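# Observations on chain architecture
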Amino acid sequence: MEYILLHLPQALVVLGLILLAIEVLVLGFSTFVLFFVGFGTIITGILMVLGVLPATMLNALLATAIISTIVALISWQPMKRLQNKGEVHQVNNGMIGEQFTLSEDLLMGKTINHRYSGIDWKVKANEPLSAGTEVKITAMQVGLLTVEQVI
């Protein structure tokens, strides 16, 4: 413990780097808490090395808390947007474009059940279709096929 207190600024920088590594590598940048505390710890260590802050445990705790809070307040919204940004794209697994005949009427906004390729699917369309209509699959989601009439 005495060694850490003698080298407090360097220990803070190392601790901050460890916290950042845990946040990014283990938690996948999902909580941000360790990121903010790690960043605050690194900045506090740097300020102590530069002589701006006296190298005491009380100063380390207070400065880390204040800097972490400021960093969190400034960067919370941009980081939240970064985390929520996701691309949605349709994966073509070979079923898109496949055709089959409807066994019952399919009204707009409603779904019907259809067994296709050994699986029971819900089927929907953007227009009303009658039983016996030849349709093709235009999109698919988990358990749901979107179809349109074959022309």
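Here we summarise the structure given alongside this text.

Conventions and cut-offs
Residues numbered from 1 in each chain as written. Predicted model: local features only at pLDDT ≥ 70, side-chain atom pairs only at ≥ 80, totals over all residues. Heavy atoms only, no water. Pairing = 2+ DSSP bridges. Helix = DSSP H or I, 4+ residues; strand = E, 2+ residues; numbered from the N terminus. Salt bridge = Lys/Arg side-chain N within 4 Å of Asp/Glu carboxyl O. Buried < 20%, exposed > 50% of the residue type's maximum accessible area, 1.4 Å probe, protein only.

## Quick word on the pairing of strand β3 (residues 119–125)
As defined by bridge partners, strand β2 (residues 112–116) adjoins β3 across five bridges and the pair is classed as antiparallel. Each residue of the ladder has a partner; that of I112, found in β3, is V123. With four bridges joining them, β3 and strand β5 (residues 144–149) adopt parallel strand pairing. Across the sheet, A125 pairs through a bridge with V147, a residue of β5.

## Describing the pairing of strand β4 (residues 134–141)
Pairing geometry for strand β1 (residues 99–101) and β4, over three bridges, is antiparallel. Looking at the pairing, Q99 lines up with K136 of β4. Between β4 and the antiparallel strand that follows it, β5, lie two residues; G143 among them carries a positive phi value of about 75°.

## Things to note about the pattern of salt bridges
By the definition in use, this model includes two salt bridges. Residue D120 pairs with R115 through a salt bridge whose shortest N-O separation is 3.1 Å. Its relative accessible area of 54% is what places D120 among the exposed residues. On the basis of relative accessibility, which here comes to 54%, the residue R115 falls in the exposed class. In this structure, K136 engages E148 in a salt bridge whose closest nitrogen and oxygen atoms are separated by 3.8 Å. On the criterion of sequence distance, the pair formed by K136 in strand β4 and E148 in strand β5 is long-range, its members being 12 residues apart.

That is the geometry; function is a separate question.
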